[in-house]
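Structural overview
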2 protein chains.
Amino acid sequence: MLTVKTSAEAEKIIFDTFGKVSVDVEEVKILDSVGCILAEDIISKEDVPGFNRSTVDGFAVKAADTFGCSDSVPAILDFKGEVLMGEAPTFEIEKDQCAYVPTGGELPAGADAMVMLEFSEDYGDGTRAMLKPSAPGQYVTFKGDDVKVGQAVLKSGVRLSARHIAALSSLGYSKVKVYKKLKVAVISTGDELIDVTKNPVGAQIRDINSYELSAALIELGCEVYRIGIVVDELPLLEKAVKDAVSSCDMVVVSGGSSVGVKDATFKAYDMLGDVLFHGIAIKPGKPTILANIDGKPCFGLPGHPLAAFYVFSLFVKPLVLTMSGDLGKSKSLKKTLPVALSIPSNHGREECMGVKLIEKDGREMVEPVYAKSGLVSNLSTIDGFIRISRDCEGISQGDEVEVELF
Amino acid sequence: MLTVKTSAEAEKIIFDTFGKVSVDVEEVKILDSVGCILAEDIISKEDVPGFNRSTVDGFAVKAADTFGCSDSVPAILDFKGEVLMGEAPTFEIEKDQCAYVPTGGELPAGADAMVMLEFSEDYGDGTRAMLKPSAPGQYVTFKGDDVKVGQAVLKSGVRLSARHIAALSSLGYSKVKVYKKLKVAVISTGDELIDVTKNPVGAQIRDINSYELSAALIELGCEVYRIGIVVDELPLLEKAVKDAVSSCDMVVVSGGSSVGVKDATFKAYDMLGDVLFHGIAIKPGKPTILANIDGKPCFGLPGHPLAAFYVFSLFVKPLVLTMSGDLGKSKSLKKTLPVALSIPSNHGREECMGVKLIEKDGREMVEPVYAKSGLVSNLSTIDGFIRISRDCEGISQGDEVEVELF
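Reading the values: the criteria
Residues numbered from 1 in each chain as written. Chains lettered and ligands numbered in written order. Predicted model: local features only at pLDDT ≥ 70, side-chain atom pairs only at ≥ 80, totals over all residues. Heavy atoms only, no water. Helix = DSSP H or I, 4+ residues; strand = E, 2+ residues; numbered from the N terminus. Expected span 1.5 Å × (residues − 1). Buried < 20%, exposed > 50% of the residue type's maximum accessible area, 1.4 Å probe, protein only. Arc of directions from axis to C-beta. Contact = heavy atoms within 4.5 Å. Phe/Tyr/Trp six-rings, centres within 6.5 Å; stacked < 30°, edge-to-face > 60°. Lys NZ or Arg CZ within 6 Å of the ring centre and 35° of its normal. Least-squares fit on C-alpha atoms with pLDDT ≥ 70 in both. Buried area = accessible area lost by both parts, 1.4 Å probe. Salt bridge = Lys/Arg side-chain N within 4 Å of Asp/Glu carboxyl O. Polar contact = N/O pair within 3.5 Å; in protein donor to acceptor, adjacent residues only side chain to side chain. Pairing = 2+ DSSP bridges. Axes fitted to C-alpha atoms, helices over the stretch in contact; angles between N-to-C directions. Lys, Arg positive; Asp, Glu negative; His and termini not counted. Parallel < 35°, antiparallel > 145°, perpendicular 65-115°, else oblique. Left-handed = near helix turned anticlockwise from the far one by under 90°. Nonpolar A, V, L, I, M, F, W, Y, C, P; charged D, E, K, R; others polar. pLDDT = per-residue confidence, 0-100.

**A closer look at helix α4 (residues 234–247) of chain B**
All names here are of chain B. The terminal C-alpha atoms of α4, which comprises 14 residues, lie 20 Å apart, in line with the 20 Å expected from a rise of 1.5 Å per residue. Of all the positions in α4, only L237, A240, V241, A244 and V245 are classed as buried. For α4, the angular spread of buried residues about the axis comes to 130 degrees, placing them on one side. Along α4, the residues that are exposed and aim more than 90 degrees away from the buried face are P235, K239, K242 and S246. Summarising the contacts, the buried residues of α4 are in contact with β13 (183–189), β16 (223–230), β17 (250–254), α5 (264–272), β20 (289–293) and β21 (296–301).

**A closer look at the packing of aromatic side chains**
Inspection of every chain in the model, using the stated rule, returns six aromatic pairs over all chains. Centroid distance B:F59 to B:Y100: 5.8 Å. Interplanar angle 80 degrees. Geometry classified as edge-to-face. Note that B:F59 is positioned in strand β4 (residues 58–61) and B:Y100 in strand β6 (residues 97–101), a separation of 41 residues in sequence. Across the pair, B:Y100 and B:F59 agree in class, each one buried. Measuring from ring centre to ring centre gives 5.0 Å for B:Y310 and B:F385, while their planes differ by 70 degrees; the resulting arrangement is edge-to-face. A residue pair is termed long-range when its members are at least 10 positions apart, and B:Y310 in helix α6 (residues 305–323) and B:F385 in strand β25 (residues 384–388) qualify at 75 residues. An identical accessibility class is assigned to B:Y310 and B:F385; each is buried. One cation-aromatic arrangement involves A:R128 over A:F79; the distance from NZ or CZ to the ring centre is 4.0 Å.

**So, the relation of the copies chain B and chain A**
With an RMSD of 0.1 Å, the fit of chain B onto chain A corresponds to turning through 180 degrees and sliding 0.0 Å along the axis. Given the turn and translation reported, the copies of this chain are related as if by a two-fold rotation axis. Proximity to the rotation axis, assessed at the C-alpha, singles out B:K335 in chain B; its C-alpha lies 3.8 Å from the axis.

**Concerning the interface of chain B and chain A**
Counting residues at the interface gives 78 residues for chain B, matched by 77 residues for chain A. Approximately 5800 Å² of surface area, both sides summed, lies buried where chain B meets chain A, with 63% of it carried by carbon and sulfur atoms. Looking at the side of chain B facing chain A, the largest losses of area belong to B:L31, B:R163 and B:V376, adding up to 12% of the total buried there. Run the count over chain B and chain A and you get two salt bridges. In this structure, A:R206 and B:E46 form a salt bridge, with 2.8 Å as the shortest nitrogen-oxygen distance. Linking chain B with chain A are 13 residue pairs in polar contact (both at pLDDT 80 or more), by the criterion used here. If you list the elements that add at least two residues to the side of chain B that touches chain A, you get β10 (140–141), β11 (152–154), α2 (162–170), β15 (205–206), α3 (209–219), β22 (333–338) and α7 (375–379) of chain B.

**Things to note about the sheet that holds strand β8 (residues 120–122) of chain A**
Residues and elements named next belong to chain A. Spatially, six strands are ordered β7-β4-β6-β5-β9-β8 in an open sheet, and the strand pairing comes out mixed. For this open sheet the edge positions go to β7 (113–116) and β8, each flanked by a neighbour on one side alone. Taking the axes of each pair of neighbouring strands and ignoring which way they run, one obtains an average angle of 40 degrees across the sheet. Sheet analysis places strand β4 (residues 58–61) next to β7, joined by four bridges and oriented antiparallel. The residue bridging A60 from the neighbouring strand is M114, located in β7.

**Some words on the side chain of A:E40**
Residues and elements named next belong to chain A. Along the chain, E40 falls in the loop between β1 (25–29) and β2 (42–43). Among buried charged residues, E40 stands out as having no salt bridge; its nearest opposite-charge side chain is K177, 4.7 Å away. A polar contact of 2.9 Å, which involves the side chain of E40, links it to the backbone nitrogen of K177. Sequence-distant contacts of E40, that is, excluding residues within four places in its chain, are made with L154, K155, S156, Y173, V176 and K177.

**Topic: the sheet that holds strand β13 (residues 183–189) of chain A**
All names here are of chain A. A sheet is described by the order of its strands in space; here six strands give the open sequence β16-β13-β17-β21-β20-β18, paired in mixed fashion. At either end of the open sheet lies a strand with only one pairing partner, and these are β16 (223–230) and β18 (274–278). In this sheet, adjacent strand axes meet at a mean angle of 15 degrees when their direction is disregarded. Both β13 and β16 contribute to a ladder of seven bridges, which runs parallel. In the strand pairing of β16, I187 is matched with G228. On the sheet, helix α4 (residues 234–247) packs against β13, β16, β17 (250–254), β20 (289–293) and β21 (296–301) and is oriented at approximately 170 degrees with respect to β13. This element, helix α6 (residues 305–323), spans β17 and β21 of the sheet and lies at about 170 degrees to β21.

**Describing the side chain of A:T322**
Mapped onto the fold, A:T322 is located in helix α6. Judged by relative accessible area, A:T322 falls into the buried class, the value being 8%.

**Considerations on unusual backbone geometry**
Omega for the bond connecting A:V48 with A:P49 falls within 30 degrees of zero, at -10 degrees, which places this linkage in the cis form. Looking at the element boundaries, A:P49 is found in the loop between β2 and β3 (53–54). For B:D96, which is not glycine, the phi torsion reads 65 degrees and is therefore positive. Structurally, B:D96 can be placed in the loop between β5 (75–82) and β6. A relative accessible area of 33% means that B:D96 is categorised as partly exposed.

**Thoughts on the packing of α4(A) against helix α5 (residues 264–272) of chain A**
All names here are of chain A. Where α4 contacts α5, the axes come no closer than 9 Å and their chain directions differ by 55 degrees. Taken as axis vectors, α4 and α5 run oblique relative to one another. The two elements α4 and α5 cross, and the hand of that crossing is right-handed. Facing α4, whose interface residues are L234, L237, E238, V241 and K242, α5 presents A264, T265, K267, A268, Y269, M271 and L272. Broken down by class, the residue content of the contact of α4 with α5 amounts to eight nonpolar, one polar and three charged.

**Points about helix α2 (residues 162–170) of chain A**
All names here are of chain A. In terms of burial, α2 is largely enclosed, as nine of its nine residues are buried. Among the residues making up α2, those that are buried are A162, R163, H164, I165, A166, A167, L168, S169 and S170. One or two positions beyond α2, positive phi appears at G172, with a value near 90 degrees.

**Let's talk about the confidence of the model for chain A**
Mean pLDDT for chain A: 90, with 95% of residues reaching 70 or above. As scored by the predictor, the complex reaches a pTM of 0.88 and an ipTM of 0.87.

**Some remarks on the pairing of strand β9 (residues 127–130) of chain B**
All names here are of chain B. Side chains T127 and A129 project from β9 onto one buried face, and the interleaved R128 and M130 project onto a second face that is buried too. With four bridges joining them, β5 and β9 adopt antiparallel strand pairing. If you follow D78 over to β9, its bridge partner there is T127. Pairing of strand β8 (residues 120–122) with β9, which is carried by three bridges, proceeds in the antiparallel orientation. Paired with S120 across the bridge in β9 is M130. Hairpin connection between β8 and β9: a loop of four residues separates the two successive antiparallel strands, and G124 in this loop has a positive phi of roughly 75 degrees.

**As for the pattern of salt bridges**
Residue and element names in this part refer to chain A. Across all of its chains, the model carries 26 salt bridges over all chains by this definition. Salt-bridge contacts for R226 lead to D207; the nearest nitrogen and oxygen are separated by 3.9 Å. Here R226 is found in strand β16, whereas its partner D207 is found in the loop between β15 (205–206) and α3 (209–219), with 19 residues between them in sequence. Residue R363 is joined to E400 by a salt bridge in which the shortest nitrogen-to-oxygen separation is 3.9 Å. One end of the pair, R363, is in strand β24 (residues 363–368); the other, E400, is in strand β26 (residues 400–405), with 37 residues separating them in the sequence.

In structure tokens form, the structure reads like this:
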């Protein structure tokens, strides 16, 4: 008989057993990589920018030639020519010379600063007057100022978003290596379940979990195989799990894991592999199972959709992200906020409680939303949840709590 | 000549002119709706649950029959039978009777409470002993407790995630109406630009913006037409914009909007429609254009990718979400955090500054990341940005700021 684990013990077992990346790598076009996990370190092969670049429209000069100049005592410089956008200058700047360079254009060799167009005057005689001094480096981004050859720009494990795509394209990456999607099979089990397309008769209820959990996995970037409802009979469930294990990286079964009469999930997992734990001391969600079948993690989640959702968020999601190669901050989004109402303690057992973000006295706060097993009204109202530790003596109004946001 | 607008004025013009939903509605399967914007109010057509449901494994009883019972003085009740999971009971409970009901099963008529299995004993003579009293309603979710017929559960305009899919499936929605994707054309313009697949020669630079902005639009759920580089010549740009306007809901051109020699974006927009503003008093990002061409918003963003990204985040993204039907909180994710270092003021002009989230003295704080036009190093390091208002006298170490997270 397996004993109930604390959530910390359960987490340790989960990560000790399965906490490695378990998906392959593929190369995709950078715009197809949005939301994917980078599977290579990006080391710059070149200096960025690749040339000394002006950040203004104006004149490239030797800064020293402008020292001390002003409206009344301008620095008169010979106009050497114009640098066209995107073209390399064909001449150099020598002492007392200048050249026009547009924003983003390359400074000619010899120039080390820019004077803005508005602080210059055209004398019409082949010279330009500079009315304001410029310091060396002013209005110039030097070659390699942004990134130098060999510099590590992005690390494997980051979830790629627009700003990473910007970095990749600036470094000349039109394709990039990313992790493939984690394949996860989702099964609901329970004699009372009917598919969402059907109308319940008697005490039947619709299969919520296979949709809820599939959606949650899709949001995490998984390739989801929603197997749907498997009747709570051992041979059928065993076959479904076996098939799922052979084609997927992870299996998530919900329902059938309480201490009820049948408990088919536990039995199926126990026959096919090793059950690593059966029960986590957390409310809601005690009847949670983890098994290792052919080296693949197989979860048994509570049948109640709210409990299944919390257990998924706490224990399945972090593993999904790790196995998907995600080492970044997308694991969870947390905010520390005061509670607007006191929350009584629940000694001896860790508890998850749904909360709503509210505005009170001009501050952002959280308000507990009591579930009473109310799935729909609860889940469609809350913005996230808080964890109340097993030794907590209750939370007083105004105390700060850490909120895990959806 | 159009005057430069403050960011508040620019926002007002943007939303006054284009702040309406501008996409059609389609019906999709609920798992295909993850991340889409709901385009109908979801009103429950039924009570949830649809029957009085047990939340434990145990015995359905009339609570009054158990009042005062205990281990030593059990309440002896006639065992009327067992309710099977998912089936409607075929009998009623009368005084001094009980029936076995599994977790999630339906209570027989007449029963108003449950006694948990572990607080009962089977006497083997057709009776069961209840060892603990139960109050009316204990361990029971009554019909309609969660949602009642006619109750509004989800509102049009919410971005659908797993918990909404759970609510939809519990209410029997296998399909749902969502807004179609907003179609946005993305163009980069500039004589110095080359595609990311090419190596720069001389002062050429790679087109970063069309990838960066396309990726950002993909993240917002848009259907993106990355037209890529259009040479900074008026007739070519005019044709590209005209084509884009005819097939898309929005056009985003970057580059060509500074006060440089050509300024083709402004000219093209001015010829094809009405330029509503040209310039926002914000750093970086002053040379921002908005035009109305055939009733469609056409933005001109700065050519510098960092400036383009800030302007996109502040002005384009909110409009994209609104036109896409998104009325929810996905518009931006904000956190209020102290700054780890003082930030000097920049009188007279609103400023965006990239920041990094750091941990200092056990607290989460933000640290400014100075750009000096360093795009790659900046954008791949920062976690979000702060806005420093034009009348700010500088931010002192420890002051709280609002961070817009990526």
